[in-house]
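Per-entry structural report
Residues per chain, in single letters:
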Amino acid sequence: MEPTELADVEQNVSTGSLPGWGRVDELVRDAHRRYAGEQGGVVADYIPILAEVDPDLFGLALIESNGGLHDAGDALHPFSIQSISKMFVYALAIQHHGHRRVREIVGVNNTGLPFNSVMALELNGGHPMNPMVNAGAIATTALMPGATSVEQWELVREGLSAFAGRALSLDGAVYASEAQTNERNRAIGRLLRSYGRLQSDPEEAVDVYTRQCALSVTAHDLAVMGATLADGGVNPVTGDRVVSADVCRDTLAVVAATGLYERSGEWLFEIGLPAKSGVTGGIVAVSPGKGAVAGFSPRLDPAGNSVRSQLAIGHLSRSLGLNLFASAPAAHASD
Ligand code: GLN
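Throughout, residues of each chain are indexed from 1 in the direction in which the sequence is written. Only residues with pLDDT of 70 or above have their local features reported here, since the model is predicted, and side-chain atom pairs are shown and tallied only from 80 upward, although totals for entire chains, interfaces and linings are computed over all residues. Note that water and hydrogens are dropped before the side-chain values are worked out from all heavy atoms of the structure.

Focus on the environment of V42
- Secondary structure elements follow DSSP: runs of H or I no shorter than four residues count as helices, runs of E no shorter than two count as strands, and numbering proceeds from the N terminus. Residue position: V42 is located in the loop between α1 (21-34) and β1 (59-64).
- Only protein chains enter the calculation, and the probe is 1.4 Å; a residue is then buried if its accessible area is under 20% of its type maximum, exposed if over 50%, and partly exposed in between. A relative accessible area of 61% places V42 in the exposed class.
- Placed 125 residues apart in sequence, V42 and A167 show a C-alpha to C-alpha distance of 31 Å.
- Note on contacts: a residue pair is in contact if any heavy atoms of the two residues lie within 4.5 Å. Contacts of V42, omitting those with residues within four sequence positions, involve P298, R299 and L300.

Dropping the structure here:
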């Protein structure tokens, strides 16, 4: 992906606040229009049912920390959350255990290898390192409170629903399709167990993980979920506290290093925001204190990140001045 040239859009910096609602709305619509014709990438088909999606779907949503809402295109089209669930389950796990314990068991670094890599575990003596790829996410899900895997799944569903501000439900067809074909994740579960990184039954841990990935969301939901992490843990739409402000900070730090798989460094370099993607084509990017932007478009780059979502979120990051690393000199006495 090439950096977008934005000669026609004023560039802002991360400090300060979003412009008024009307200007943000214009820019969200503009970002959607700009990439409506983009055809790059291919739809994921390793989970059979995912290949059936309409590849032309394209939604964009931005939720401000003050509750302002912006939807464009297919922002209300449902799809399974997939890997994006990892970010929110991680937040729930560190809320429960504290980040030190989870860091010891799972880690906070990028593996630099594909999301379903078995090699990454083998190379690191069974330490998953990265909670945002499958091995680390399965180990994180296994840390969810709950006496049984059924209770753990309920807590995951309730927790992600609190982030979204509405009751999320399982897409049963996606769950069934993945559960019938996820030998690789089950192998990862067994490997984790053999290295002493899973206290629970590996089949059950992978089953809860597969269910969490099959939760049905929209780009609008993802933006609300991200905006909760941008708002110190309070859902800006419902006003309910979901996690602590420390949990938000720690989750976003991990996601900045790992959220777009082995392309995380390039993403941070170009866009400057913590973001998490999933194979159904969702990406949610979080701008602390300001809000969150979510894209949905099923065609993916080779690492498994939605091409159009990356372009549209990148455009908004520039036009709204969201890049966390951008600054402008303050007025100095000598000026
Ligand atoms: N459920 C998917 C898997 O485990 C999630 C992968 C993803 O979104 N990258 O393969």
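Read on, since the account is not over.
Concerning the nonpolar core
- As used in this record, nonpolar core signifies buried Ala, Val, Leu, Ile, Met, Phe, Trp, Tyr and Cys residues forming a set joined through side-chain atoms within 4.5 Å. Counting 63 residues, the largest nonpolar core has M87, L160, F163, L222, M225 and L229 as its most contacted members.
- The residues touching L160, leaving out its near neighbours within four places in the chain, are I81, S85, F88, V89, L92, L168, L215 and M225.
- The next biggest cluster of nonpolar side chains, apart from the first, holds 25 residues, and it includes V28, F58, L273 and L322.

Examining the layout of surface pockets
- Each cavity reported here is a set of points on a 1 Å grid over the protein atoms alone in which a 1.4 Å probe fits but cannot get out, each pocket an open set with protein on both sides within 12 Å along at least five of seven lines, and each lining residue one with an atom within 4 Å of a point. Grid points are joined across faces, edges and corners, and a volume is the space filled by probe spheres set on the points. Here the largest pocket defines a volume of roughly 240 Å³.
- Forming the boundary of the largest pocket are 17 residues, of which I49, L50, V53, F79 and V174 lie nearest the centre.
- Split into classes, the residues belonging to the lining of the largest pocket amount to 11 nonpolar, 4 polar and 2 charged.
- Quantified by volume, the second largest pocket comes out at close to 190 Å³.
- Along the wall of the second largest pocket there are 14 residues; nearest its centre are L300, D301, P302, A303 and G304.
- The nonpolar class holds Ala, Val, Leu, Ile, Met, Phe, Trp, Tyr, Cys and Pro. Asp, Glu, Lys and Arg form the charged class, and all remaining residues, Gly among them, are polar. Per-class residue counts for the lining of the second largest pocket are 10 nonpolar, 2 polar and 2 charged.

Re the environment of L252
- As for its position among the elements, L252 is in helix α11 (residues 245-258).
- Residue class for L252 comes out buried when judged on its relative accessible area of 8%.
- Once the C-alpha coordinates of L252 and P131 are considered, the two residues, 121 residues apart in sequence, prove to be 12 Å apart.
- Residues contacting L252, with those up to four places away along its chain left out, are M87, L229, P274, V286 and P288.

Describing the sheet that holds strand β6 (residues 282-287)
- A sheet is described by the order of its strands in space; here 5 strands give the open sequence β2-β1-β7-β6-β5, paired in antiparallel fashion. Either end of the sheet is taken by a strand with one partner, and the two such strands are β2 (69-73) and β5 (275-277). When strand polarity is set aside, the average angle formed by the axes of neighbouring strands in this sheet is 10°.
- Across 6 bridges, β6 lies against strand β7 (residues 291-296) in antiparallel orientation. Looking at the pairing, A285 lines up with V293 of β7. When DSSP finds two or more bridges between two strands, those strands count as paired. To obtain each axis, a line is fitted to C-alpha atoms, and for helices this fit is confined to the stretch in contact; angles are then taken between N-to-C directions over 0 to 180 degrees.

That is the geometry; function is a separate question.
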